Amino acid sequence: MNSAQSGATDLGAREMVEPVAASPTKKWDLFEELATTEHEKIVICHEPSVGLRAVICIHSTLLGPANGGVRMYPYPSTEEAVRDGLRLSEAMTYKWSAAGENRGGGKAVIIGDPATAKSEALLRAFGRFVDQLRGEYYVGEDVGITLDDMQTIHLETDYVATLPVEAGGLGDIAPQTASGVLYAMRACAERVWGTRDLAGRTVALQGLGACGSAALGQLLEAGAKAVVTDLDQNRVEAAVRELGVEAVEPAEIYEAPVDIFGPFAMGGVINADTIPRLRAKVVAGSANNMFAEEGDALALEERGIVYAPDFIANAGGAIFDAEQFRKGGFNADRVGKRLALIEDRVKEVFEIAKRDGITCQAAAHVLAERRLSALWQLRSKHG
Ligand code: NAI
């Protein structure tokens, strides 16, 4: 194992941004890149006999062991893979902190096409690297990795956070992610319409995958109406046929005459092109990094649209998964209460934004950093 370590320093404010594409002119250098970050540890996982090229990024273990998914993706370059891992692991630190969980920020990336390059040997080789960290990093699933793959990784290490129910894990976390998003929608609804009740509200759902389809069911149960879209026509047709919801083409979802716009697909969908087209008064969904650019949060607010910051709204699945590591083990009542706290947290973000005269997205970072800096001071003083 080759591991490059950079010492843990102050956890200062760093904005979560979309991955920066490889520079076409300047030659990229791993150590120069690491010098620009505050990550505690980067582990290069290289096992040529099975084609494994991966990076485990540990941003911070201040709150607890690093915990985050492993993503398998055909990154065009090592630079892009490393940058994605660094950015995603840092985002996990903020998500855990804001959610009040005792887990640290970590994430791993495997370079390769999951459709063609994934094998049992590759996953097991990766699992061995995770195991060598002896609990400094717990691995979950992410893009390109399935619950079955997690069982394969589990053959080599016990430091696995996400497993299917039949393997003793908690299974799919998307329904809890969706449930958390509904709490976030309620906080936004109360601010705009003076009531948290979603009954009678119309919601545009962009994406009917694991989270979007779960949110759709929960919204209909809460008495809301839905307009849906997905690139996958089969998913749209099934929702229309089975649930009687209205559907629009993917490009038309932004202009749908709805109360709430729910991004449940890709990041970057709230941008200079889409903000002027939105007719909703509220934006809340599960998509990570929903803003394309830093200025988009302000642009949305200038249109009078209330939104729930993404890493606060979509933390429900993470909160559910982390419950197994709480003292006393998994407790369904406690996790239910912790999910409901997302509503309070979004309201707290509104208050911080008002108090400090900043955007809600910036206020979400203030909320996350408050806890981190208090614990950092404690660690600096007492070790
Ligand atoms: P998924 O892969 O199950 O579903 C995504 C769906 O979006 C797919 O049906 C896809 O066809 C559709 N889609 C993609 N681009 C689209 C577009 N332009 N217009 C309309 N539909 C489009 O993914 P999942 O797990 O539901 O995640 C959705 C989002 O929520 C992602 O951004 C993910 O990072 C985020 N998230 C998911 C969590 C989870 O518990 N699964 C937890 C936290 C965040």
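Student: What is the right way to look at the packing of aromatic side chains in this model?
Tutor: Each aromatic ring pair is specified by the distance between its two centres and by the angle formed by the two planes. Within the structure shown, the criterion is met by six aromatic pairs. Consider the rings of Phe 320 and Phe 330, whose centres lie 5.6 Å apart with planes at 85 degrees: the pair is edge-to-face. Placement of Phe 320 in helix H10 (residues 316-322) and of Phe 330 in the loop between H10 and helix H11 (332-356) is noted, with a sequence separation of 10 residues between them. With relative accessibility at 37%, the residue Phe 330 sits in the partly exposed group.

Student: What should I look at first to understand the packing of H11 against helix H12 (residues 360-382) in this one?
Tutor: The description of two packed helices rests on the angle between their axes and on the distance between the axes. Between H11 and H12, whose axes approach to 8 Å, the crossing angle comes to 105 degrees. As far as their axial angle goes, H12 and H11 are roughly perpendicular. Across the interface between the two elements, Arg 345, Glu 348, Val 349, Phe 350, Ile 352, Ala 353, Arg 355 and Asp 356 of H11 pack against Cys 360, Ala 363, Ala 364, Val 366, Leu 367 and Arg 370 of H12. Its residues assigned to classes, the contact of H11 with H12 shows nine nonpolar, no polar and five charged.

Student: Before we go on, may I ask you to explain the domain arrangement of the protein in this structure?
Tutor: Think of interface size as the accessible area that goes away when the parts come together; that is how it is often given. Domain assignment breaks the protein into domain 1 (3-167) and domain 2 (174-317 + 343-367). Centre-to-centre separation of domain 1 and domain 2, based on C-alpha positions: 27 Å. Each partner contributes to the interface: domain 1 provides nine residues, whereas domain 2 provides 12 residues. Summing both partners gives a buried area of about 1,100 Å² for domain 1 against domain 2, and 55% of it is carried by carbon and sulfur. Connecting domain 1 to domain 2 are two residue pairs in polar contact (both at pLDDT 80 or more). Here the residues of the side of domain 1 that touches domain 2 are counted per class, giving four nonpolar, no polar and five charged.

Student: When you look at the site of the ligand in this model, what are you seeing that I'm missing?
Tutor: Lining the immediate environment of the ligand, one finds 19 residues, of which Thr 177, Asp 230, Arg 235, Ala 265 and Ser 286 sit closest. Cys 211 is positioned such that a nitrogen or oxygen atom in its backbone is 2.8 Å from an oxygen atom of the ligand. For the ligand, an oxygen atom lies 2.8 Å from a polar atom in the side chain of Ser 286. Protein chains bury 73% of the 840 Å² of accessible surface belonging to the ligand in isolation. Of all elements in the fold, only helix H5 (174-193) and helix H6 (210-221) reach the threshold of two or more residues within the shell around the ligand. Of the residues contributing to the shell around the ligand, the split by class is nine nonpolar, seven polar and three charged.

Student: Can you help me understand the pairing of strand S7 (residues 202-206) in this one?
Tutor: In regular strands, side chains alternate between the two faces of the sheet. Across the five residues of S7, five count as buried, placing the element largely inside the fold. Of the two faces of S7, the one carrying Thr 202, Ala 204 and Gln 206 and the one carrying Val 203 and Leu 205 are both buried. Pairing of S7 with strand S8 (residues 225-229), which is carried by five bridges, proceeds in the parallel orientation. Along S8, the bridge assignment pairs Leu 205 with Val 228. For the crossover from S7 across H6 to S8, the handedness is right-handed.

Student: Which parts of the structure should I look at to understand the pattern of salt bridges?
Tutor: Pairing is possible between side chains of opposite charge, provided their charged atoms come close. If you walk through the whole model with that rule in mind, you get 24 salt bridges. When the shortest N-O distance is used, the salt bridge between Arg 277 and Glu 255 registers 2.8 Å. Highlighted residues: Arg 277 in the loop between strand S10 (260-263) and strand S11 (282-283) and Glu 255 in the loop between strand S9 (246-247) and S10, separated in sequence by 22 residues. Look at Glu 255 and you get partly exposed, because its relative accessible area is 32%. Between Glu 348 and Arg 370 there is a salt bridge whose closest N-O contact spans 2.5 Å. In this pair, Glu 348 is assigned in helix H11 and Arg 370 in helix H12, connecting sequence segments 22 residues apart. The exposure class assigned to Arg 370 is partly exposed, which follows from its relative accessible area of 43%. One network of salt bridges, with partners in common, ties together Arg 71, Asp 84, Arg 87, Lys 107 and Asp 142.

Parameters at a glance
Residues numbered from 1 in each chain as written. Predicted model: local features only at pLDDT ≥ 70, side-chain atom pairs only at ≥ 80, totals over all residues. Heavy atoms only, no water. Phe/Tyr/Trp six-rings, centres within 6.5 Å; stacked < 30°, edge-to-face > 60°. Helix = DSSP H or I, 4+ residues; strand = E, 2+ residues; numbered from the N terminus. Buried < 20%, exposed > 50% of the residue type's maximum accessible area, 1.4 Å probe, protein only. Axes fitted to C-alpha atoms, helices over the stretch in contact; angles between N-to-C directions. Parallel < 35°, antiparallel > 145°, perpendicular 65-115°, else oblique. Contact = heavy atoms within 4.5 Å. Nonpolar A, V, L, I, M, F, W, Y, C, P; charged D, E, K, R; others polar. Domains from an automatic or database assignment. Buried area = accessible area lost by both parts, 1.4 Å probe. Polar contact = N/O pair within 3.5 Å; in protein donor to acceptor, adjacent residues only side chain to side chain. Near = heavy atom within 4 Å. Areas by Shrake-Rupley, 256 points an atom, 1.4 Å probe, with all protein chains shown as cover. Pairing = 2+ DSSP bridges. Right-handed = clockwise from strand over helix to strand, strands pointing away. Salt bridge = Lys/Arg side-chain N within 4 Å of Asp/Glu carboxyl O.

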